[in-house]
Structure formats: C-alpha cells, structure tokens
Protein chains: 2
Amino acid sequence: MRLDREAPVGVFDSGIGGLTVAREIMRNLPSEKIVYFGDTARVPYGSKSKDTVLRYSRQIIRFLETENVKAIVVACNTASAFALSEIQKEMNLPIIGVIEAGARVAAETTMNKKVGVIGTEGTIHSGIHERWLKSLDQEITVYGKPCPLFVPLVEEGWLKDPVTEEIAERYLRELLEKEVDTLILGCTHYPLLRSLIQKVVGPEVKLVNPAYETALELKKLLSQENLLSTGRGQEEFPYRFYVSDLAEKFRKFADSILPYDVEKTKKIDIEKY
Amino acid sequence: MRLDREAPVGVFDSGIGGLTVAREIMRNLPSEKIVYFGDTARVPYGSKSKDTVLRYSRQIIRFLETENVKAIVVACNTASAFALSEIQKEMNLPIIGVIEAGARVAAETTMNKKVGVIGTEGTIHSGIHERWLKSLDQEITVYGKPCPLFVPLVEEGWLKDPVTEEIAERYLRELLEKEVDTLILGCTHYPLLRSLIQKVVGPEVKLVNPAYETALELKKLLSQENLLSTGRGQEEFPYRFYVSDLAEKFRKFADSILPYDVEKTKKIDIEKY
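None of these values were measured; they are calculated from a predicted model. (Residues numbered from 1 in each chain as written. Chains lettered and ligands numbered in written order. Predicted model: local features only at pLDDT ≥ 70, side-chain atom pairs only at ≥ 80, totals over all residues. Heavy atoms only, no water.)

**Student:** Can you walk me through the nonpolar core in this structure?
**Tutor:** Note on soluble globular proteins: their nonpolar side chains tend to be buried together. Counting residues in each nonpolar core, the largest one holds 116 residues, and the members touching the most others are F150 of chain A together with F150 of chain B. Contact partners of F150 of chain A, with chain neighbours within four places excluded, come to I118, I167, A168, Y171, Y190, L193 and I197 of chain A. (Core = buried A, V, L, I, M, F, W, Y, C linked by side-chain atoms within 4.5 Å. Buried < 20%, exposed > 50% of the residue type's maximum accessible area, 1.4 Å probe, protein only. Contact = heavy atoms within 4.5 Å.)

Given below as structure tokens:
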C-alpha cells in the first residue's frame, strides 16, 4: 500500500483528553490535516479491561481507515498501554502512542533516578511506563499512582478548585515521600490540571507532559517515512472531529482548549466498525 | 406469549449501582430468582445522550430475553429516564423503572411541597422526576441538582471521607437554601452515600431511596400478573450475575454489599445483542 503524504493524521482518545495531544500536533505540525475521534459514548477507558480497550481501539482504527489516514496517534494512555503493541502488528500504517515519548523525556530529565507516574488504574496497573523507563535506564526506580478522580474532576471543570487540590495532595503524597524529582502526567486529561499539580508537588519536581513529545515524535516519524504534508489542501479542510456521543458538548470543550474555532463535530456509530 | 412464574426477574444497570435495587428485591421477594446485568464496559450512563442510553438498554433487554426472564427492572435512573417509556412500548414483558416509585414516595412524604432530586446529569436534565411529581401533585416544586462526582467517589470507596463531605456540601447547598424537606436519591449509587448525605442535609430532610419502593412495586406487579414465584428451583440457582467487563472486580463489590456469597460473575459481549 502506498500512502498519500497529503492524507490526514488520525488521532484518537477515549474522549476529550486527547485534544491536548491534537493541540500540540496543530502547533508543531501546522501543515498536517487531522481526523480526531473521541469515544465519548464509552469513556472512560481507564477502569476497563485490556480486552475491552483492545476491542474498542480496533473498531476506532477501522473507522479511521475509512477516512484514509496516513498515520495514527493513539492519544490515550490506557489505549497505548493496552492496545498499541497489538495493533502495531496488525497495521500497515505508522502508528505511535503517548507512553514511549513521555518515558524517554522522563529518563533524560531525572537526576536522582526516581520517577513518578500518575494515570488511570488501567495505565498504572499495566506497568508499561516502568518497562519503558527500565529499558532506557536500569537504574531508574518508578513509582506509579492511579488517580481515578482526576478525570471526572477535569470533566466537572474544577481545574483550580480547593477540593481538587485536596484530592491531589492525597494522591501525590506518597510520590513526594519517595522523593521523585520527575513526574509523568500519564493521562491526557492531566495537562489541564498542570498548574494545580505543580503547586502541590512544588517547583523542584519536573512535570513531563507527553503530548508535546508525542507531536515531535510524529514529526520525526512522518519525515522518516517521507509522509510530511506539504500543506496542500490543508486550508480548506484542516481538522475533522468525530465522536461516538454528545457531539455538541464535545465541540464546545474542543473550542475552549484549541487555538482555533471548532465549527462542527460529527457523531458516528462506532460499534458498527 | 405465556410467561413462566418460576422464571427469573431480569435486573439491569450501567454497572454496580443497581445492586442496591437487587438487594432490596432479595430481601423483599426472597422466592424470586434474579438475573442481573451490569454494563461495566460502558459505565457511566449519566453523561451519555438519550439515543445512546436507549440503544444500550435495547441491547441489554435482548440479552435478558435470552435468559427467559418473566419481568424486567431497569435499576438505573438514567436508563429509566431515557429509555423506559420507549422499551415499555416495544416489549411484551412487564417492565418497571426506579423513578416512578421514588416520585410517589416523595410526593407522600413532603410536607412543605418542596422536593429535591439528586442524580446524574442525564437524569436531572431529563426533568423526569419533576414530570412524575407534578402529575401526582401539581403544588409540588422540584429542585434538581446533578452530582457527577458522586459515582466516581463511590467507586473510589470514599464513602465517609471528608473530601466527599465537602463535595456533598457544595452540591447540596442550593437545595438546602430552597428548603426542601424531602430528597430523592435519584441514582442507584447514592444509597451507598446515604449516611454522609443525611449528615450534610440534617435530620429534618427525609431521604427517599427508590430501591426499596421499587422492590415493593415489583411485588405488586408480579402479583397482579399472577407471576409471583412459588420458590420452586430457587435454592439451586437463585442469582446470576453478568457484566460486560471486569467480572472479578464486579463480583468482589457485589459480594461486599449483598447479604449472600457471590460466587461467580460471567462476562458477555453485550455489543453482539
């Protein structure tokens, strides 16, 4: 199969969180078209099993293929943890997740070799960050902590709220006791809590937001494969948004966090794919 | 179609919450067999659209029909709000939800005609409690308040936690300002927060837990239809539990809240129905 360099990049997440990754791709690869899918009918993925997340990811990829994407970014940590290695084997397209890039930056950043990771239950219990970090530097010790209330707090919009801060203090206390000097935001919702998390952990702890690193990794990959867009056709149809439910609610949220007016979001029946 | 009085009752919910309803059926109708389905792969329903919840409810009913149930209890407020009236038209089986019974008790309980309702966004925005209460007593004023963090707080197990109390105070403040004297727990998870909510609203406010009333309504319905079980075969196979994901996690939770040892829970692929 010959891929078209002017084709869009597919980006997917369980819901809205992956927009923090799409945003970095828009900023860093402004010539690329993007087709985004948010699985808002079946969000969240973080409390689901590997089998279920893998099945959902395969359905989404079949949908993205109907949009003729040239590459796929799995902009969801849980799907990256549970499904990426399987679907990479099954696909002819280049496909990347958000975990590897974050692990690489964390390994480069830590001075005391103590790295914390926060994410959903699924992501943390998978142990995938630890495997990547250990493969990069055996001396690194990884401390993981699931933070299941962060996603609903973000969706409630309590981004700078004392309650959110109290919950963050409780979740992060044990990582601070372990004296981590680097903390991976291992869920694409968490960059929206970035300033609150930084306040709780203090200025000495470096936060790693894998969204930015993933955009750079995508650039490198497209360049290697000779798939970087020239920008042709980009102005007419830069970004398309699809969801499995509540298109208007998604559109409003996307509009609020993207540096661009989101005019339309289309709902599709993902279970048919 | 002739229904078998010894057949089981089907009970479904988006996840674990409906177990508070199943528990009341076990207590109040001990001769009945129960087939419970929890849609743990697609939980929560409260933030999803009417179309999606209706589609999911139809799939679950098709599954319960394969288990030859004689009646169905929609033990989920969001599904009761969005899907009950539609599926009642489509089915030959007796089918009840959790909203009508709760509304009836609240109408009988309130003295000052001011009733509060708490639930998911979907349930509250549907306005269904208000319609039922107004049909029972036009003078009643209904104040609804969505409490989207309560479900994840229950699932985190923070049932008597200061953080949960702080969040409850914030959510319930405006209902207290309206001077409601009766509060419907309009989500099947909320009875697990009952003592905390009672503490926050004070002893003057009566809490209505529709689970108990729904069990009594089921008893009346089965009796009218001559479908009350004699108890034959009940001892050998009283209760069956099915879920769409994470069967073992569900089993442990069910075991902790039911007055009975839950030995087995089976995972099925609900999207096939």
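What follows continues from the structure just given.
**Student:** Just checking my understanding: could you explain empty space enclosed by the protein for this structure?
**Tutor:** One pass over the full model with this rule turns up four cavities of 30 Å³ or more. Residues of the lining of the largest cavity, tallied by class, amount to six nonpolar, seven polar and one charged. Two domains each donate at least three residues to the lining of the largest cavity, and these are domain 1 (9-97 + 212-272) and domain 2 (99-210) of chain B. Its boundaries defined by the atoms lining it, the second largest cavity holds a volume of some 40 Å³. Looking at the second largest cavity, the residues that line it are T20, V21, N77, V98, L185, C187, T188, P191, N209, P210 and A211 of chain A. Going through the elements one at a time, α1 (19-28) and α10 (210-224) of chain A are the ones with two or more residues in the lining of the second largest cavity. Split by residue class, the lining of the second largest cavity holds seven nonpolar, four polar and no charged. Here the lining of the second largest cavity spans two domains, since at least three of its residues come from each of domain 1 (9-97 + 212-272) and domain 2 (99-210) of chain A. (1 Å grid on protein atoms, 1.4 Å probe; cavity = no way out; pocket = protein on both sides within 12 Å on 5 of 7 lines; lining within 4 Å. Points joined across faces, edges and corners; volume = space filled by probe spheres on them. Nonpolar A, V, L, I, M, F, W, Y, C, P; charged D, E, K, R; others polar. Domains from an automatic or database assignment. Helix = DSSP H or I, 4+ residues; strand = E, 2+ residues; numbered from the N terminus.)

**Student:** Just to check I follow, could you spell out the sheet that holds strand β4 (residues 95-96) of chain A for this structure?
**Tutor:** Sheets are built from strands paired through backbone hydrogen bonds, the pairs being either parallel or antiparallel. Residues and elements named next belong to chain A. Strand order across the open sheet formed by six strands is β4-β3-β1-β2-β9-β10, with parallel pairing between neighbours. The sheet is open, and its two borders are formed by β4 and β10 (266-267), each paired with just one other strand. As paired strands, strand β2 (residues 34-38) and strand β9 (residues 239-243) are joined by five bridges and run parallel to one another. Bridging across to β9, I34 finds its partner in Y239. Along the sheet, helix α2 (residues 50-66) contacts β1 (9-13), β2, β3 (71-74), β4 and β9; its crossing angle with β1, the most-contacted strand, is approximately 150°. (Pairing = 2+ DSSP bridges. Axes fitted to C-alpha atoms, helices over the stretch in contact; angles between N-to-C directions.)

**Student:** Can you walk me through the interface of chain A and chain B in this structure?
**Tutor:** Interface size, as often reported, equals the accessible area lost upon joining of the parts. Chain A puts 33 residues into the contact, and the matching count from chain B is 33 residues. Buried area between chain A and chain B, both sides added, is near 2500 Å², and the carbon and sulfur share of it is 49%. The largest per-residue losses of area from chain A upon contact with chain B belong to L149, R170 and E271 of chain A, which jointly make up 21% of the total buried on that side. Summed over the shared surface of chain A and chain B, the result is seven salt bridges. E271 of chain B is the salt-bridge partner of R55 of chain A, the closest N and O atoms lying 3.9 Å from each other. Counting every contact that joins chain A to chain B gives 14 residue pairs in polar contact (both at pLDDT 80 or more). (Buried area = accessible area lost by both parts, 1.4 Å probe. Salt bridge = Lys/Arg side-chain N within 4 Å of Asp/Glu carboxyl O. Polar contact = N/O pair within 3.5 Å; in protein donor to acceptor, adjacent residues only side chain to side chain.)

**Student:** Mind showing me how you'd approach the UniProt feature "binding site: substrate" (unreviewed entry) in chain A here?
**Tutor:** All names here are of chain A. Summarizing the sequence annotation, UniProt attributes the feature "binding site: substrate" (unreviewed entry) to D13, S14, Y45, G46, N77, T78, T188 and H189 in the numbering used throughout. Spanning 177 residues, the annotated positions come together in the fold, the maximum distance between their C-alpha atoms being 12.2 Å. From the list above, the second largest cavity is lined by N77 and T188. As for its placement among the helices and strands, D13 is situated in strand β1. What makes D13 buried here is its relative accessible area of 1%. (UniProt positions renumbered as here; feature names shortened; annotations may be inferred.)

**Student:** In this structure, what is going on with the UniProt feature "active site" (unreviewed entry) in chain A? I would like to understand it.
**Tutor:** All names here are of chain A. What UniProt calls "active site" (unreviewed entry) maps, in this numbering, to C76 and C187. In sequence the annotated residues extend across 112 residues, while in space they remain close, none of their C-alpha pairs exceeding 6.8 Å. For the second largest cavity, the lining residues drawn from the annotated set are C187. Residue placement: C76 occurs in the loop between β3 and α3 (77-90). Overall, C76 belongs to the buried group, its relative accessible area being 3%.

**Student:** I tried to follow helix α8 (residues 162-177) of chain A on my own but got confused; where do I start?
**Tutor:** Given 3.6 residues per helical turn, the α-helix brings residues three or four places apart onto the same face. Residue and element names in this part refer to chain A. The terminal C-alpha atoms of α8, which comprises 16 residues, lie 22 Å apart, in line with the 22 Å expected from a rise of 1.5 Å per residue. Largest kink in α8: about 40°, centred on Y171. With a side-chain oxygen positioned 2.8 Å from the backbone nitrogen of V163, the residue opening α8 is D161. At the C-terminal side of α8, E179 shows a positive phi close to 60°. (Expected span 1.5 Å × (residues − 1). Bend = angle between axes of the 7 residues up to and from the residue.)

**Student:** Help me understand the sheet that holds strand β8 (residues 206-208) of chain A, please; the structure alone is not making it clear to me.
**Tutor:** Residues and elements named next belong to chain A. Read from one edge to the other, the open sheet built from four strands follows the order β6-β5-β7-β8, with strand pairing classed as parallel. Strands with a single pairing partner mark the edges of an open sheet, and in this sheet they are β6 (141-146) and β8. Neighbour to neighbour, the strand axes of the sheet diverge by 25° on average, direction disregarded. Note that strand β5 (residues 114-119) and β6 share six bridges and pair parallel. Bridge pairing in β6 places I118 opposite K145. Sitting on the sheet, helix α9 (residues 194-201) touches β5, β7 (182-185) and β8, and the angle it makes with β8 is about 145°.

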